[in-house]
Amino acid sequence: MNPPATITVLGVGSWGTALALLLARNGHVVRLWGHDPQEVEPLRQERENRRYLPGLPFPPALTVGVDLAAAVAGADWALVATPSHAYRETLERLRAVLPTTAGLAWATKGLEPGSGRFLHEVTAEVLGASWPVAVISGPSFAGEVARGLPTAVTVAAYDADHARRAALLLHGSNMRAYTSTDIVGVELGGAVKNVLAIATGIADGLGFGANTRAALITRGLAEMTRLGLAVGGQRETFMGLAGVGDLVLTCTDDQSRNRRFGLAIGRGQTAEAACAAIGQVVEGAVTVREALRLARTHQVEMPITEQVDRVLHQGQDPRRAVEILLARNLKPET
């Protein structure tokens, strides 16, 4: 195991808090940072995140604050766990205060809204291409990680040794971290699986059953892999934790915000009402447009993703979307 490190976790949502709890239990000194005093102060006073993870007290090694410079002073690592729409802004804040010796990792899943850029591309634009970086992804619901339930994730970095160093921070009695050098594939899997979870949620909300769900997951994996290979990912990545593992988790369990969002759409709610009821960012609703932008750039067919976009952003009836998918021309499976 690595010696104890000082780690700043940026983002006080469910995922950031869960990672902070995990790292503190692994023996590290953890500083959890949020930009909004109204969100942060209850966590600091109550020593738990009662909004997202009630009943899970913070260990003594975990502190919370809003002063970013103080949070990263002397830190060995910064771990970003904000929604994708806040990723660039968070890095721009970090740029002036992050120690040059610190490693950077992110557990954010998605593409940058508006540009479709991968988050490693955003990182290189803001901090420079030479900064040591790693991405964390895989089938990992925040609540289960926070409660110490067994979980496995993938940590990817361009340099295998850096991936191993980042993975060792997470690795413990209840967390197994595998390493990869396929940053593009790991990021792509983490982004597209949220769109496909919306699709399976819609189908289940319409009452189409387990057969339909299995078909959507399987053909969704084919879409994900096609796009992933086109942008430079490795096929093995999509057969692993950051691909099919995260896809199955997100499409089949109602802990998934994206699946719950799809369920609500299939049952007749508007996208706005579904988002309001969930009360957290639904990454797939944003990512769908960027995934399609990427697919069209690389001339990759993504029929399920296209129908999700039509339902969410073009007013298409969900039942009509399923009819269109079923009416596509006969073709070989592979």
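As the structure is a computational prediction, the values presented were derived from the model and not from experiment.

Draft legend 1. Region of interest: the layout of surface pockets. Approximately 1100 Å³ is the volume found for the largest pocket. For the largest pocket, the lining is made up of 43 residues, of which Gly 13, Ser 14, Trp 15, Arg 257 and Gln 280 are closest to its centre. Going through the elements one at a time, α1 (14–25), α4 (87–95), α6 (142–146), α8 (183–205), α11 (241–252) and α12 (257–266) are the ones with two or more residues in the lining of the largest pocket. Counted by class, the lining of the largest pocket contains 13 nonpolar, 19 polar and 11 charged residues. Here the second largest pocket is characterised by a volume of approximately 620 Å³. As for the second largest pocket, its lining consists of 27 residues, and the residues nearest its centre are Leu 216, Arg 219, Ile 304, Leu 325 and Leu 326. Put simply, the parts of the chain that give the lining of the second largest pocket at least two residues each are α8, α9 (209–230), α15 (303–313) and α16 (318–326). Top element by residues in the lining of the second largest pocket is α9. It accounts for 7 residues. Here the residues of the lining of the second largest pocket sort into 17 nonpolar, 3 polar and 7 charged.

Draft legend 2. Inspection of the environment of Val 244 at higher detail. Position of Val 244 relative to the elements: it lies in helix α11. For Val 244, a relative accessible area of 25% translates into the label partly exposed. Along the chain, Val 244 and Ile 217 lie 27 residues apart, while their C-alpha atoms are 8.7 Å from each other. With sequence-adjacent residues up to four places away left out, Val 244 is seen in contact with Leu 221, Phe 238 and Met 239.

Draft legend 3. A look at the pattern of salt bridges. Tallied over the full model, the rule gives 17 salt bridges. Residues Glu 125 and Arg 88 are paired through a salt bridge, measuring 2.9 Å at the closest nitrogen-oxygen approach. With Glu 125 in helix α5 (residues 119–127) and Arg 88 in helix α4, this residue pair connects regions lying 37 residues apart in the sequence. Assessed through its relative accessible area of 44%, Glu 125 is described here as partly exposed. One continuous salt-bridge network, built from bridges that share partners, spans Arg 88, Glu 112, Arg 117 and Glu 125.

Draft legend 4. Quick look at the sheet that holds strand β7 (residues 151–156). An order of β3-β2-β1-β4-β5-β6-β7-β8 is seen for the 8 strands of this open sheet, with the pairing classed as mixed. Only two strands of the sheet have a single neighbouring strand rather than two, namely β3 (62–65) and β8 (175–180). Each neighbouring strand pair of the sheet contributes to a mean axis angle of 25°, computed without reference to strand direction. Two elements, strand β5 (residues 103–106) and strand β6 (residues 133–137), share 3 bridges in a ladder whose sense is parallel. In the strand pairing of β6, Ala 105 is matched with Ala 134. Against the sheet, α11 contacts β6, β7 and β8, and its axis sits at roughly 145° relative to β7.

Draft legend 5. Molecular detail of the environment of Ala 146. Within the element layout of this structure, Ala 146 appears in helix α6. When its relative accessible area of 0% is taken as the criterion, Ala 146 is described as buried. Distance from Ala 146 to Ile 183, taken between C-alpha atoms, is 25 Å for residues 37 residues apart in sequence. Ala 146 has contacts with Ala 18, Leu 21, Arg 25, Leu 53 and Leu 56, leaving out every residue within four places of it along the chain.

Draft legend 6. Highlighting the pairing of β3. The alternating pattern of β3 places Leu 62 and Val 64 on a buried face, while none of Thr 63 and Gly 65, on the opposite face, is buried. One ladder, built from 4 bridges, connects strand β2 (residues 29–33) with β3; its direction is parallel. Paired with Val 30 across the bridge in β3 is Leu 62.

Draft legend 7. Spotlight on the packing of aromatic side chains. The tally for this structure, following the rule as stated, stands at 1 aromatic pair. Seen in terms of ring centroids, Tyr 87 and Trp 106 are 5.8 Å apart; in terms of plane orientation they differ by 65°. Their pairing is edge-to-face. Here Tyr 87 is found in helix α4, whereas its partner Trp 106 is found in strand β5, with 19 residues between them in sequence. Considered together, Tyr 87 and Trp 106 belong to a single accessibility category, that of buried residues.

Draft legend 8. A look at α12. Among the 10 residues of α12, 8 are classified as buried, and the element is accordingly described as predominantly covered. Regarding α12, the residues found buried are Asn 258, Arg 259, Phe 261, Gly 262, Leu 263, Ala 264, Ile 265 and Gly 266. N-capping of α12 is provided by Ser 256, with a side-chain oxygen placed 3.3 Å from the backbone N of Asn 258. Remark: Gly 268 follows α12 within two positions and exhibits a positive phi of approximately 105°.

The rules behind each value
Residues numbered from 1 in each chain as written. Predicted model: local features only at pLDDT ≥ 70, side-chain atom pairs only at ≥ 80, totals over all residues. Heavy atoms only, no water. 1 Å grid on protein atoms, 1.4 Å probe; cavity = no way out; pocket = protein on both sides within 12 Å on 5 of 7 lines; lining within 4 Å. Points joined across faces, edges and corners; volume = space filled by probe spheres on them. Helix = DSSP H or I, 4+ residues; strand = E, 2+ residues; numbered from the N terminus. Nonpolar A, V, L, I, M, F, W, Y, C, P; charged D, E, K, R; others polar. Buried < 20%, exposed > 50% of the residue type's maximum accessible area, 1.4 Å probe, protein only. Contact = heavy atoms within 4.5 Å. Salt bridge = Lys/Arg side-chain N within 4 Å of Asp/Glu carboxyl O. Pairing = 2+ DSSP bridges. Axes fitted to C-alpha atoms, helices over the stretch in contact; angles between N-to-C directions. Phe/Tyr/Trp six-rings, centres within 6.5 Å; stacked < 30°, edge-to-face > 60°. Polar contact = N/O pair within 3.5 Å; in protein donor to acceptor, adjacent residues only side chain to side chain.

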